[in-house]
Structure formats: C-alpha cells, structure tokens
Amino acid sequence: MRKQIAAANWKMNLTLQQGEALIEALSKIPHDLKDNQEAVFGIPFPYLIPIKNALGGKKNVFIAAQNCSDKKSGAYTGETSAEMLQSIGISYVILGHSERREYFNESNELLSKKVNICLENELKPIFCCGEALAVREANTQNEFVEIQLKESLFHLSAEQIKGFVIAYEPIWAIGTGKTASSAQAQEMHAHIRSVFATQYGADIANSISILYGGSVKAANAKEIFGQPDVDGGLVGGASLIAEEFAAIINGLK
Ligand code: PEP
C-alpha cells in the first residue's frame, strides 16, 4: 500500500517561538496516523533541529527542508548541502516548488541535479510540478507537467523511482484560495501516474505517492484526498494553523 502524506510547507513564515507554539498546539489536537500515513513538516533551515526536537521523534512524523544546494560542498556562501541536511537527521527535501522555479530560476535541469544529490545522501525529495494559469487555459497542462517530470526525473532507475513522492501543485491554486476541483486533481494525478507507468511500469507507478497542493484546507482535504490517485497533500497557508493542519492529517484516507 503506498504512503499517504500530509506535508506542511511553512515557507518563510513564523518565528521559532511561533513555530514551537504551533507544534505544541497541534500536539493537543487529536490526529491519527495509520501505519501507511505520514505527517511531514517543511521547515525553514534555522528551525530544522529545534522543530525536529519539538516533534520529539513521533512515529511517522518527519521533517523536510524546503530546498538544498545542487552542489556537494565548497565555496557556495549561503547554500545548504544535502549532506548537511542528512547529518542532522532530516528525512525529506521539498524540491522544485513553483516559488523556487519562479523567483530563483530553478530549471528542470537544475532540479535533476538536486534530485540526484538528495538521493546520494539518502534524503527523499518531495518533487513539485504543476502548471501556471495560462498553460491550464491553453489546455496543455498534461504535456507541461510531463516535460517537468521527464527532464528532472526520468534519468533515475526504477529502483530510485520506487516509492518516490511527487506533489502536483497547479500554480493558479497556490495561496490563491482557488482549489482545483477534486475531478481536476484526480485527472492530473492519474495522468502523472500513467506517465510513470509508461516509463517504469505499472508496479513502480503504483508505488509513487502523488500529493495535491493548492489551497488545501480542513474543509476540502477529505474530498480531494478521497480521489483514487491522490495520496495526500502539500499544504502552505493552512499548515500554519494547528486546527486546520490536524484536520488535514485526519483527512488522509
Ligand atoms: C504550497 O505552497 O505548497 C501551497 C500549496 O500553498 P497553499 O496551500 O497556501 O496554497
């Protein structure tokens, strides 16, 4: 059974004290994780260790960095390497978020290098893909997302792709309050799975967790996560509110 994941993306929000208060508040709200379910917290770099400590090694709860360098080590002032993240016990790295693609010019090619360096350091990428509104309006979203996946991931072996985590995040739905309908999410997730099936076979494609991201909240999580090819969500704004994120975790199927 493939993994279901509720992943928080705090982005560049919260002070450390606010983050700790959020974790404390969340711990007081009942939320359950079954064996095949995970909660992942995508945290700003300075808080990775304190928030990991605040979470206290709870079962099926993991920490993600929101980025890492494509370089191994050396004179790259301000960068953080995959090896550094591994050395402090981080499990996941969010890669290719649309904000990094747009504001930091991250290309499919650069992301393929980041994917490689994460895997070399036993970090699991949460690989984001998704189209802008103009692409959706031109009805070319399937081809657009397929190119993102091919150019960044298809050099990987079947063994490396097995159990991979993808986040489909239509840019027009991120932070806008506009959510893709559950039918639109299902249609794209099924397409993504079929792209992997063509390249790697059905078994590998069925092992991949495909998360939906874009204005997920307590009120819509259950319906979106209930779609057969939706395996959870990557959540921005609503992950900053304890009650919302607890309900989103409980919305995993
Ligand atoms: C995100 O940034 O990954 C995201 C999905 O944000 P939001 O939930 O706020 O739309």
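Summarised in this report is the structure supplied together with it. (Residues numbered from 1 in each chain as written. Predicted model: local features only at pLDDT ≥ 70, side-chain atom pairs only at ≥ 80, totals over all residues. Heavy atoms only, no water.)

Attention now moves to the pairing of strand 5 (residues 124–129). Burial of strand 5 is extensive: five of the six residues sit out of reach of the surface. One ladder, built from four bridges, connects strand 4 (residues 92–95) with strand 5; its direction is parallel. In the sheet register, Leu-95 faces strand 5, and the bridge partner there is Phe-127. Bridge analysis of strand 5 against strand 6 (residues 165–168) gives four bridges, and the strand direction is parallel. (Buried < 20%, exposed > 50% of the residue type's maximum accessible area, 1.4 Å probe, protein only. Helix = DSSP H or I, 4+ residues; strand = E, 2+ residues; numbered from the N terminus. Pairing = 2+ DSSP bridges.)

Here we take up empty space enclosed by the protein. Per the stated rule, a full pass over the model turns up two cavities of 30 Å³ or more. Looking at the largest cavity, its volume works out to about 80 Å³. Contributing to the lining of the largest cavity are Ile-23, Leu-26, Ser-27, His-31, Ala-39, Phe-41, Leu-55, Lys-58, Val-61 and Ile-249. Of all the secondary structure elements, the ones that give two or more residues to the lining of the largest cavity are helix 1 (16–27) and strand 2 (37–42). If one sorts the elements of the lining of the largest cavity by residue count, helix 1 sits on top with three residues. Of the residues belonging to the lining of the largest cavity, the class tally is seven nonpolar, two polar and one charged. Looking at the second largest cavity, the residues that line it are Gly-96, Ser-98, Arg-101, Cys-128, Cys-129, Gly-130, Gln-148, Glu-169, Ile-171 and Ile-174. (1 Å grid on protein atoms, 1.4 Å probe; cavity = no way out; pocket = protein on both sides within 12 Å on 5 of 7 lines; lining within 4 Å. Points joined across faces, edges and corners; volume = space filled by probe spheres on them. Nonpolar A, V, L, I, M, F, W, Y, C, P; charged D, E, K, R; others polar.)

Of note, the phi angle at Asn-139 is positive, near 60°, even though the residue is not glycine. We classify Asn-139 as exposed; its relative accessible area is 56%. Phi angles above zero are rare outside glycine, and Ser-215 is one such case at about 60°. Mapped onto the fold, Ser-215 is located in the loop between strand 7 (209–213) and helix 11 (218–225).

Here the structure, examined in full by the defined rule, presents 13 salt bridges. One salt bridge in this structure joins Glu-38 and Lys-3, with 3.5 Å as the shortest N-O distance. Here Glu-38 is found in strand 2, whereas its partner Lys-3 is found in the segment before strand 1 (4–9), with 35 residues between them in sequence. Given the relative accessible area of 7%, Glu-38 is considered buried. For Lys-150, the salt bridge is made with Glu-146, and the minimal N-O distance between the two is 3.2 Å. A residue pair is termed a helical-turn pair when its members lie 3 or 4 positions apart in one helix, as Lys-150 and Glu-146 do in helix 7 (residues 141–153) at four residues. Overall, the relative accessible area of 42% leaves Lys-150 in the partly exposed class. (Salt bridge = Lys/Arg side-chain N within 4 Å of Asp/Glu carboxyl O.)

Let us now look at the pairing of strand 1. Summarising burial for strand 1: six of the six residues are buried, a large majority. Covered by surrounding structure in strand 1 are Gln-4, Ala-6 and Ala-8 together with Ile-5, Ala-7 and Asn-9, the residues of both alternating faces. Handedness of the β-α-β unit built from strand 1, helix 1 and strand 2 comes out right-handed. (Right-handed = clockwise from strand over helix to strand, strands pointing away.)

Our next topic: the site of the ligand. Contacts to the ligand come from 14 residues, most closely from Lys-11, His-97, Glu-169, Gly-175 and Ser-215. Ser-215 places a main-chain nitrogen or oxygen 2.8 Å from an oxygen atom of the ligand. In isolation the ligand exposes 290 Å². Once the protein is present, 95% of that is buried. Because more than half of its atoms lie within 2 Å of the grid, the ligand is assigned to the second largest pocket. (Near = heavy atom within 4 Å. Polar contact = N/O pair within 3.5 Å; in protein donor to acceptor, adjacent residues only side chain to side chain. Areas by Shrake-Rupley, 256 points an atom, 1.4 Å probe, with all protein chains shown as cover. Sits in = over half its atoms within 2 Å of the grid points.)

What follows covers the state of the cysteines. Covalent bonding between the sulfur atoms of two cysteines is what defines a disulfide. According to the stated counting rule, one finds zero disulfides in the structure shown. Not part of a disulfide, Cys-118 finds its nearest cysteine sulfur in Cys-68, a span of 3.7 Å. Given a relative accessible area of 0%, Cys-118 falls into the buried group. Just so you know, Cys-129 is unpaired, no disulfide at all, and the nearest cysteine sulfur is the one on Cys-128, 7.6 Å from it. By relative accessible area, which is 3% here, Cys-129 ends up buried. (Disulfide = S-S within 2.5 Å.)

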